[in-house]
Amino acid sequence: MFALPFGLSLALLLVSIAFFSGIGITTIGPGGIFVTIALYSLTSLPSSQVAGTAHATFVFTGLVGSAAYLHSGEMNTGESRAIAVVLSVASIIGALVGAYVNTFVPRSLFGLLLGGVASAVGAIILYRERRGFSPIYDLDPLTRGGKIVLAGLGFALGIASGLLGIGGPVLAVPALVLVGVPMLLAVAVAQVQSIFIATFAASGYFLQGNVLLSLAVVVGAPLLLGVVVGWRVAHVVDPERLKVALGIVLLGVGPYLAL
């Protein structure tokens, strides 16, 4: 039941990558994408199994990350809860659509899409940290207009996450910052959203037989540990340098994945 489709050395490498990915998830948001990138680039698994197994691990990182940010107070306001609810509900529909579409996507196209997303997220992070920018929309999640924007954003993020097997925070944090949500609140809300995206996407992949439970356990355990460590880091360390490093790495791996 717990046999892995590769050797011990690769398993240990994936464990290491997962740990640091977990730190990224709760420190700055885009961290879980490295689990998906590692499963795609270091193994010969089909894209459906890469996405399905990655989403299975993100269910638990979302639960742990949400509990951590609830404990530290970021999720205790009416604004944060409104963002989390609307974004998550819309993401559920998108995640199911994305998981279904994945069955028609060949591995080569999957790599191209994953590489494009990695490069785009990296570019956004670097641009924001190096040049800075004003939000493109002043979001008020308690108004009808703000909720409509959030719903559309959540649906689009759900499709991309479900299709590519990337956690909600990878895309949600940069997107929420673009509409004026403070960084730490964006990270906290994205943890909640990721629970729903990952649960419904993983369920869809599981029904297709594309979730490798043994691999999900091996990768998920260090990922969870990293999530707890990352939450601590986010509250005691200025993450600016980490953001820049992350952006550079994502820009670097994007073209490689696309080839």
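Residues numbered from 1 in each chain as written. Predicted model: local features only at pLDDT ≥ 70, side-chain atom pairs only at ≥ 80, totals over all residues. Heavy atoms only, no water.

Section: the overall build of the protein
Summing up its helical and strand segments, the protein has 10 helices and 0 strands in all. If one aligns the C-alpha atoms of the protein with their principal axes, the spans along those axes are about 50 × 35 × 35 Å. Expressed as a percentage of the 259 residues in the protein, the buried residues total 54%. For the protein, the exposed surface amounts to about 10900 Å²; the carbon and sulfur share of it is 71%. (Helix = DSSP H or I, 4+ residues; strand = E, 2+ residues; numbered from the N terminus. Buried < 20%, exposed > 50% of the residue type's maximum accessible area, 1.4 Å probe, protein only. Areas by Shrake-Rupley, 256 points an atom, 1.4 Å probe, with all protein chains shown as cover.)

Here we look at the side chain of Ser21
Positionally, Ser21 belongs in helix α1 (residues 8–27). Contact partners of Ser21, with chain neighbours within four places excluded, come to Gly31, Gly32, Phe34, Val35 and Leu223. (Contact = heavy atoms within 4.5 Å.)

Comments concerning the packing of aromatic side chains
With the rule as written, the count across this model stands at 3 aromatic pairs. On the basis of an interplanar angle of 75 degrees and a centroid distance of 5.3 Å, the ring pair of Phe19 and Phe20 is categorised as edge-to-face. Given a relative accessible area of 22%, Phe19 falls into the partly exposed group. Judged by centre distance (5.2 Å) and plane angle (75 degrees), the ring pair of Tyr100 and Phe104 falls under edge-to-face. As far as burial versus exposure is concerned, Tyr100 and Phe104 are alike and both exposed. (Phe/Tyr/Trp six-rings, centres within 6.5 Å; stacked < 30°, edge-to-face > 60°.)

A word on the side chain of Ser48
Mapped onto the secondary structure, Ser48 falls in helix α3 (residues 47–71). A distance of 3.4 Å separates a polar atom in the side chain of Ser48 from a polar atom in the side chain of Asn210. Leaving out residues up to four positions away in the same chain, Ser48 has contacts with Asn102, Tyr205 and Asn210. (Polar contact = N/O pair within 3.5 Å; in protein donor to acceptor, adjacent residues only side chain to side chain.)

Everything listed here is a matter of coordinates, which is why it stays silent on function.
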